[in-house]
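A structural walkthrough
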Amino acid sequence: MRALQLKSFQSDPELVDLPEPEPGPGQVVIKVGGAGACHSDLHVMREFAEGMAPWGPPFVLGHEAAGWVHRTGGNIKNLEHGQPVAVYGLLGCGHCQPCAAGAENLCVHGMEGPPGIGFGVDGAMAEYLLVTDPRRLVPIGDLDPADVAPLTDAGLTPYRVIKKVQPKLTPGSHAVVIGAGGLGHLAIQILSAMTPATVIAVDVREQALALARQVGASATVQANADNTAQELKDATKGAGADVVLDFVGSAPTIALGAAVAKPGMDLVVIGAAAGQFTWNFYALPYEVKLTTSFWGTLPELHEVIALARQNKVKAHVQRFALNDALHAYELMEKGQLDGRAVIVP
Ligand SMILES: [Zn+2]
Ligand SMILES: [Zn+2]
């Protein structure tokens, strides 16, 4: 089968021919219907080096996956050939207490091995994907797998954050979304579906702001200008934000979130740009919670898929053939993608 394989860190992935995976007992092979391209793939291709993580190439990229049940090993019940499913991409140890609760994103052994498919273990940018446990599969009904693939990370990650900050987003509150790309445009929809907050989106790219308005942002602010923080504050009618979701995570974006904070706000950094922020007792208004959030749990993925099946969240998808996957990453690096790029093998 054709697959997009990363052969070594700090190189471009290559299209290769690999044997079709064989399902062992209790395993399932999925015919891939869509594999989302994520910024974290770029981090792995460009910034990782041998020895930085306890896993490495070669492996097939792609941690956002959906498709159809293709073959099953022994001991699999209640899955039919051709059934459309989304794939939970995280790989915890499977036996610690968080893993037992489906929170493989918080696995206590999570730093010891490959964190997910497409990170040290073959992922979804291929014709077929091996899924080692049927509980990682979530039925998607009549949704199109290519539309669903981004929901397994770009949808699940903001969904988890929004559930955590939901008590702050009461009527009259303001939520600021920094970065209206793959995750941000889904965050705006989930905020609209689950809270009465006014949603304000910030991005440097006008086309991202246009998408933000299209999917439900009440106001947008173009970052760049010196007065971005003031424009954002004005958009909250001077009150400041109740919640800031930073999908970039660079030093300037964290500083921007801090600049529009009101006391008691949640500033959640989700983007993995690893920007620095200098903290002390007076660095932020009183009781501002500065925290990170990482991917999501299996039960939360079931909830995101349910939201999609109610037509309350839909990824804005640009489709690429496997042959054009490198082009999708080029466009991502240049900031020229609208929503999420999905590779359709
Ligand atoms: Zn991702
Ligand atoms: Zn675990």
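Check the entry above for the structure.
Attention in this report is confined to the structure presented alongside it.

Concerning the pattern of salt bridges
Throughout the structure, instances matching the rule amount to 18 salt bridges. In this structure, E14 engages K7 in a salt bridge whose closest nitrogen and oxygen atoms are separated by 3.6 Å. The residue E64 makes a salt bridge to R340 at a minimum N-O spacing of 2.7 Å. Taken together, the residues span a long stretch of sequence, with E64 in strand β5 (residues 64-72) and R340 in strand β18 (residues 340-344) at a distance of 276 residues. The pair formed by E64 and R340 is uniform in burial state, with each residue classed as buried. Residues participating in the shared-partner salt-bridge network are D144, D147, K314 and R319.

A word on the coordination of the zinc ion (ligand 1)
A four-donor tetrahedral metal ideally has 109.5 degree angles, and a six-donor octahedral metal ideally has angles of 90 or 180 degrees. Within the protein, the zinc ion (ligand 1) binds to C38 (SG), H63 (NE2) and D153 (OD); these donor distances fall in the range 1.8 to 2.2 Å. Since its relative accessible area comes to 1%, H63 is described here as buried.

Quick look at a nonpolar patch on the surface
Together, F281, Y282 and Y286 give the surface a local cluster of nonpolar side chains, amounting to about 450 Å² of exposed area. Summarising the element assignment, Y282 is placed in the loop between β15 (261-269) and β16 (289-292). Residue classification places Y282 among the exposed positions, given a relative accessible area of 66%.

Parameters at a glance
Residues numbered from 1 in each chain as written. Chains lettered and ligands numbered in written order. Predicted model: local features only at pLDDT ≥ 70, side-chain atom pairs only at ≥ 80, totals over all residues. Heavy atoms only, no water. Salt bridge = Lys/Arg side-chain N within 4 Å of Asp/Glu carboxyl O. Helix = DSSP H or I, 4+ residues; strand = E, 2+ residues; numbered from the N terminus. Buried < 20%, exposed > 50% of the residue type's maximum accessible area, 1.4 Å probe, protein only. Donors = N, O, S within 2.8 Å, 3.2 Å for Na, K, Ca; no water. Patch = residues over 30% accessible without salt bridge, like charges linked within 9 Å, V, L, I, M, F, W, Y side chains within 5 Å. Areas by Shrake-Rupley, 256 points an atom, 1.4 Å probe, with all protein chains shown as cover.

Take it as geometry only, folks, not as evidence of what the structure does.
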